[in-house]
Amino acid sequence: MTTATVPTNKIGLTKQDYVGAKSTLCPGCGHDAITSQIIQAAWEMNLEPHRVAKLSGIGCSSKTPTYFMSQAWGFNSVHGRAAAVCTGAALANRSLINILASGDGDSMSIGMGQLVHMIRRNVPVVYILEDNGVYGLTKGQFSATADVGSTLKHGDVNEITPIDPCTLAMELGCGFVARSFSGNPKQLGTILKAALAFEGTALIDVISPCVTFNNHDSSTKSYKNAKDHEMPLQELGFVPYYDAEEVEIEPGAAMEVGLPDGSRLTFRTIGKGFDPTDRYAAMKAVHEAHDRGEFLTGILHIATGKPILHDFTHTVDDVLATLPQASVKPGPEVLAECMRELM
Amino acid sequence: MLTQPATMEAVDGGTLVNDFSIEVATVNGSGSQTANIVLMRTIFQMGVPVSGKNLFPSNISGLPTWFQIRANHKGYKARKAGIDLMICMNPETAKDDVAKVRPGTLLIYDEPLKLDALRNDLAFCAVPFQKLVAAACPEPKLHKLVKNMIYVGVAAQMLGLDMDEVKAAIAKQLDGKQKAIDLNQGAVQAGHDWAAAEAPRQTRLKIVRDDKTKGQIIIDGNTACALGAMFAGVTVVAWYPITPSSSAVESLIDYAKVYRKDPATGKLNVAIVQMEDEIASAGVVVGAGWAGARAMTATSGPGISLMSEFIGLGYFAECPGVFLDVTRMGPSTGLPTRTSQGDVELCAKCSHGDTLHICLYPGTMEECFQFTYQAFDLAERYQTPVFVVSDLDLGMQNWASQPFAYPEGAFDRGKVLDEAQLKDIQDWGRYKDVDGDGVCLRTLPGTPGGKGAYFARGTGHNPYALYSEKPDEFLATVDRLKKKFLTARASVPEPLLTGPGVQRGILAYGSSDPAVAEARDLLTELHAKDTDYLRVRALPFTDAVEAFIASHDVVYVVEQNRDGQMTNLLREFFPQHATRMKKVLHYDSTAITAQTIVDQINAFEN
Ligand SMILES: Cc1ncc(C[n+]2csc(CCOP(=O)(O)OP(=O)(O)O)c2C)c(N)n1
Ligand code: SF4
Ligand SMILES: [Mg+2]
């Protein structure tokens, strides 16, 4: 029997090495499309599975870490509070690559406080908010991202102003804020790769329709409405860190941002000029689009070089969890000194 | 006439030598804490056993506060009702303060308050503070602070304190701030000189130099816990400020800046993060413990309530973590600056579903240090949250103690597999009970080699850490967790037993210990009732706990809560002995006294 050559990445792993258990979500659920892109991006970015921590809260979206990278370490924690677990893991072992899957209920209601403070601390993580406007796992109640006027299946209308995770993140100074749509795999894949190349908190709000509870025409987060109202901001290009050759950027409206790991992100603006490095302009553009009933996708804001969690804790570069006893247990002379001071 | 029992006081021709209580009534925020500690420290430096308790309000400035100092030649450290010297510095409470003392009390007060008009059975000493302050200190804005030092000087003279020791105590307390030291030393001298010339003579209360505190330290339990954590190699601390626990982390921060700095880079080898709340703090502890750090948080009851969901996750997903609960008086916000043992059941069973946690109950400063240190070993050995259950009385009050012994030996990092060990294992499962003790083999995220990754979760899981809703697999998991909890009996501190071997037992834990020790002497000496005493120091209860209860006709369980929470736990684990146990309870938010225990035991037996 001849074995067909299965493509491998730079560390010799096949894409199959990045898959997880079979999904148990509803067939057609937007979340599964996101999982596929995570697998693709992790493979293309040559992530070493043993260095990856997959974290989540509770919800259909939070189940997804089971469905990718079965050789990575997973932690399906409590509803809305994976951010703190991730912060703890990052403090314990700063060499981990953290991927956090959450939902709009998980992140924008019960977990709002933790997301906000995680962004303030700039915890290194790719935070994927799988946004369907409802609580899928508890069978379809409104979430805090549901638009005014959007209805539930049985007709209830949301009357309360939604929270936009992206403008919120920009307000908080998040250095990587993106929005995508699970029906736009190419863009999502590029954003994920760029997020993996980023050093602090990268927040990606992915409109991810719930086919079971929120896919009717009167829902603004149905596949149809999302397709009709999605406004991609840019054509994104991504030059991974391992591609040594200079990639020529054609003259025109393209701009480029260098990412911390050496990768490069290029933007070719569609339509009106949009500079993702200008936080205030980005916030304005997102708000204005929302008022028009549209949602902008792409990289909304990027700012590299900000201090991250470990700069704030002023901790050593080594992995704290595995520091030898000799360096973390002061000797008897230190205790004697402390005792003398108390005499 | 004094009605105190003879053992309580050393009376020498009508003089109470090295055996009396002082109470200082001041206004919160007036800087009196320094003065009071100087007074306490001086007595300590003169070799006389002493304890100090600050009864402070939940307020930054303006509300009344009382500081109680008890000197006792026998070394009794518990709070004692009955004051021998009252220093009234707070006009607002002065009337009540005068009313509450017993006849014969010496009362030092600010002259304009005219307190001598209120009673005629007290010894009054009116001090012209304003005049003395103005003379001792030219700067009006410092008058408030200097005033406090003047009462220290007056008391020092009247009680016969050695002025050199007073000045040494000031220098110690103000550590290097020479200008402040000079000013305060001048103020005590002014108070002393005034008293020598003007104060009425008193011979009832006297401190005489002794040698009973030689080599001892003065420390509070929170500092002791901080030291325990530092020497245990804590690497991740997440916290949210709450009285009475904040000073534990604040003191750890201070120590870490000096002793947990990498000499090469000047960076810390412990991360201490002030989180947005206690939920997040617990989340960090669980996440960091999962990823292999020695992680801890310090909080009080309201924080534990918020943390309970995460603590259940830590228990079920089996993540190590240390939770220091410096208990204050609940329920709800309760009395945030008053002590209690009201979180015993909360900690033992924190979170929903069937949970049981390892709890350590320190009763001394040395145990605050040792048990916090040991909690990290237990947490990693048993892969579970471990509670150190302290309280405000231990945590925030000043206690004399023997210096701590260095915790020798290697950390117990538990059953953690590295890459090489993983290679040799054929059929690894994170939650497989291979040793039959309920404690499974663990791996840490980041371990290379392609083996050992697993999926931690708070949902039902099988031995391979895979999601499972199967009843038999769920049953096996929760039963194994119970087995693991009971296995920990081999590692937790054993209870301490003392007594002549009689049929009457007292069982207590934590900060009740000094009051129990004193109560036992009183029972023997005044009521001819001998007792055996077992001090429980941990959950799970070891065999020695059961043996003690089983071998006594009656066991008085002393605790500082309303419902007898420890008794409830003991009755749950030892239902066959349920009726032997009688609850002796104190829960008015003050620290327990020996007399309370004596009175309740006598009431049971009459
Ligand atoms: C403390 C707590 N409260 C409530 C729940 C119930 N609960 C589970 S998932 C969920 C909402 C999930 O919504 P979302 O995060 O949007 O995820 P989705 O299922 O839509 O992907 C809720 C309320 C819970 N698990 N824990
Ligand atoms: S209920 Fe909705 S969110 Fe949940 S799996 Fe089904 S489609 Fe997806
Ligand atoms: Mg949702």
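Presented here is a report on the structure given in the accompanying data block. (Residues numbered from 1 in each chain as written. Chains lettered and ligands numbered in written order. Predicted model: local features only at pLDDT ≥ 70, side-chain atom pairs only at ≥ 80, totals over all residues. Heavy atoms only, no water.)

Our next topic: the layout of surface pockets. Residue and element names in this part refer to chain B. Estimated volume of the largest pocket: approximately 1,200 Å³. Lining the largest pocket are 44 residues, and of these Ile37, Gln173, Asp220, Thr223 and Asn398 lie nearest its centre. Residue composition of the lining of the largest pocket, by class: 15 nonpolar, 21 polar and eight charged. In terms of domain composition, the lining of the largest pocket takes at least three residues from each of domain 1 (8-206) and domain 2 (219-401). (1 Å grid on protein atoms, 1.4 Å probe; cavity = no way out; pocket = protein on both sides within 12 Å on 5 of 7 lines; lining within 4 Å. Points joined across faces, edges and corners; volume = space filled by probe spheres on them. Nonpolar A, V, L, I, M, F, W, Y, C, P; charged D, E, K, R; others polar. Domains from an automatic or database assignment.)

This paragraph deals with the pairing of strand E13 (residues 295-302) of chain A. Two faces belong to every sheet, and in a regular strand the side chains alternate between them. All names here are of chain A. Where burial is concerned, most of E13 is hidden: eight out of the eight residues are buried. Sheet topology note: the strand E7 (residues 176-181)/E13 ladder contains four bridges and is antiparallel. Counterpart to phenylalanine 176 in the pairing with E13 is isoleucine 302. In the sheet, strand E9 (residues 230-232) pairs with E13 via three bridges, with the strands oriented parallel. (Buried < 20%, exposed > 50% of the residue type's maximum accessible area, 1.4 Å probe, protein only. Helix = DSSP H or I, 4+ residues; strand = E, 2+ residues; numbered from the N terminus. Pairing = 2+ DSSP bridges.)

Attention now goes to the site of ligand 1. Around ligand 1, a shell composed of 18 residues is seen, among which A:Cys60, A:Ser61, A:Gly105, A:Asp106 and A:Gly136 lie nearest. Those residues lying near ligand 1 are distributed over chains A and B. Between an oxygen atom of ligand 1 and a main-chain N or O atom of A:Gly136, the distance comes to 2.8 Å. With the chains in place, 77% of the 590 Å² that ligand 1 exposes on its own is no longer accessible. Mapped by element, the contributors of at least two residues to the shell around ligand 1 are helix H3 (104-110) and strand E5 (134-135) of chain A. When residues in the shell around ligand 1 are grouped by element, the largest group, four residues, is from H3(A). Here the shell around ligand 1 is composed, by residue class, of six nonpolar, nine polar and three charged. (Near = heavy atom within 4 Å. Polar contact = N/O pair within 3.5 Å; in protein donor to acceptor, adjacent residues only side chain to side chain. Areas by Shrake-Rupley, 256 points an atom, 1.4 Å probe, with all protein chains shown as cover.)

Attention shifts here to the coordination of the magnesium ion (ligand 3). Residue and element names in this part refer to chain A. The magnesium ion (ligand 3) binds to the protein through Asp104 (OD), Asn132 (OD1) and Val134 (O); the donor distances cover 2.1 Å. Mapped onto the sequence, the residues coordinating the magnesium ion (ligand 3) show the spacing D-x27-N-x1-V. Of this pair, aspartate 104 sits in helix H3 while valine 134 sits in strand E5, and the two are 30 residues apart along the sequence. Per residue, the accessibility class of aspartate 104 equals that of valine 134, and both read buried. (Donors = N, O, S within 2.8 Å, 3.2 Å for Na, K, Ca; no water.)

Take empty space enclosed by the protein next. Residues and elements named next belong to chain B. As enumerated under the stated definition, the model contains eight cavities of 30 Å³ or more in all. One number sums up the size of the largest cavity: a volume of about 100 Å³. Taken together, 15 residues make up the lining of the largest cavity; nearest its centre are Gln68, Ile69, Arg70, Arg79 and Lys80. Going through the elements one at a time, strand E3 (19-27), strand E4 (50-55) and strand E5 (64-72) are the ones with two or more residues in the lining of the largest cavity. Split into classes, the residues belonging to the lining of the largest cavity amount to four nonpolar, five polar and six charged.

Let us look at the nonpolar core. The biggest cluster of nonpolar side chains holds 159 residues, and the ones touching the most others in it are A:Phe75, B:Leu227, B:Trp290, B:Tyr361, B:Phe404, B:Leu507 and B:Leu570. Looking at this core, the element that brings in the most residues is helix H12 (residues 365-382) of chain B, giving 10 residues. Residues contacting A:Phe75, with those up to four places away along its chain left out, are A:Lys54, A:Leu55, A:Ser56, A:Val85, B:Val286, B:Trp290, B:Leu313, B:Ala317, B:Cys319, B:Phe455, B:Ala456 and B:Arg457. The next biggest cluster of nonpolar side chains, apart from the first, holds 54 residues, and it includes B:Leu39, B:Met40, B:Met158 and B:Met163. (Core = buried A, V, L, I, M, F, W, Y, C linked by side-chain atoms within 4.5 Å. Contact = heavy atoms within 4.5 Å.)

The next subject is H12(B). All names here are of chain B. Given a rise of 1.5 Å per residue, 18 residues ought to cover 26 Å, and the 25 Å separating the end C-alpha atoms of H12 matches this to within 8%. Extensive coverage of H12 is indicated by the burial of 14 of its 18 residues. Between the side-chain oxygen of the N-cap and the backbone nitrogen of glutamate 366 there are 3.4 Å, and the N-cap of H12 in question is threonine 364. Positive phi shows up at glutamine 383, right after H12, with a value of about 50°. (Expected span 1.5 Å × (residues − 1).)

A separate point is the packing of helix H1 (residues 30-44) of chain A against helix H6 (residues 185-196) of chain A. Residues and elements named next belong to chain A. At a minimum axis separation of 9 Å, H1 and H6 run at an interaxial angle of 50°. If you check the angle between H1 and H6, you find them oblique. The way H1 lies across H6 gives a crossing that is right-handed. Residues Ile34, Gln37, Ile38, Ala41, Ala42 and Glu44 of H1 form the contact with H6, whose participating residues are Pro185, Leu188, Gly189, Leu192, Lys193 and Leu196. (Axes fitted to C-alpha atoms, helices over the stretch in contact; angles between N-to-C directions. Parallel < 35°, antiparallel > 145°, perpendicular 65-115°, else oblique. Left-handed = near helix turned anticlockwise from the far one by under 90°.)

Take the pairing of strand E24 (residues 554-559) of chain B next. Residue and element names in this part refer to chain B. Burial analysis of E24 places six of its six residues in the buried class, which makes it a mostly covered element. With burial as the criterion, each face of E24 is covered, one bearing Val554, Tyr556 and Val558 and the other bearing Val555, Val557 and Glu559. As judged from the four bridges shared by strand E21 (residues 504-508) and E24, these two strands associate in the parallel manner. Residue pairing for E24: arginine 504 is matched across the bridge by valine 554. Across five bridges, the pairing between E24 and strand E25 (residues 581-585) is parallel. Its bridge partner lying in E25, valine 558 is registered against valine 584.

The strand order across the open sheet formed by nine strands is E9(A)-E13(A)-E7(A)-E8(A)-E4(A)-E3(A)-E1(A)-E2(A)-E19(B), and the pairing between neighbours is mixed. Looking at which strands have only one partner, the edges of the open sheet turn out to be E9 of chain A together with strand E19 (455-457) of chain B. Taken pair by pair, the neighbouring strands of this sheet meet at an average axis angle of 20°, ignoring direction. Of the strands in this sheet, strand E3 (97-103), strand E4 (125-131), E7, strand E8 (201-207), E9 and E13 of chain A are in contact with H6(A), which crosses E7(A) at around 160°.

To continue, consider the sheet that holds strand E12 (residues 264-269) of chain A. Note on sheets: strands pair through backbone hydrogen bonds, and any given pair is parallel or antiparallel. Residues and elements named next belong to chain A. In spatial order, the strands read E10-E12-E11; together these three strands make up an open sheet with antiparallel pairing. Edge strands, defined here as strands with exactly one partner in the open sheet, are strand E10 (234-239) and strand E11 (254-258). Across the sheet, the mean angle from the axis of one strand to that of its neighbour is 20°, orientation sign disregarded. Two strands pair when backbone bridges link them, and E10 and E12 are joined in this way by six bridges, in the antiparallel orientation. Across the sheet, residue glutamine 234 finds its bridge partner in E12, namely threonine 269. Where H6 meets the sheet, it contacts E10 and E12, and its direction lies at approximately 45° from that of E10.

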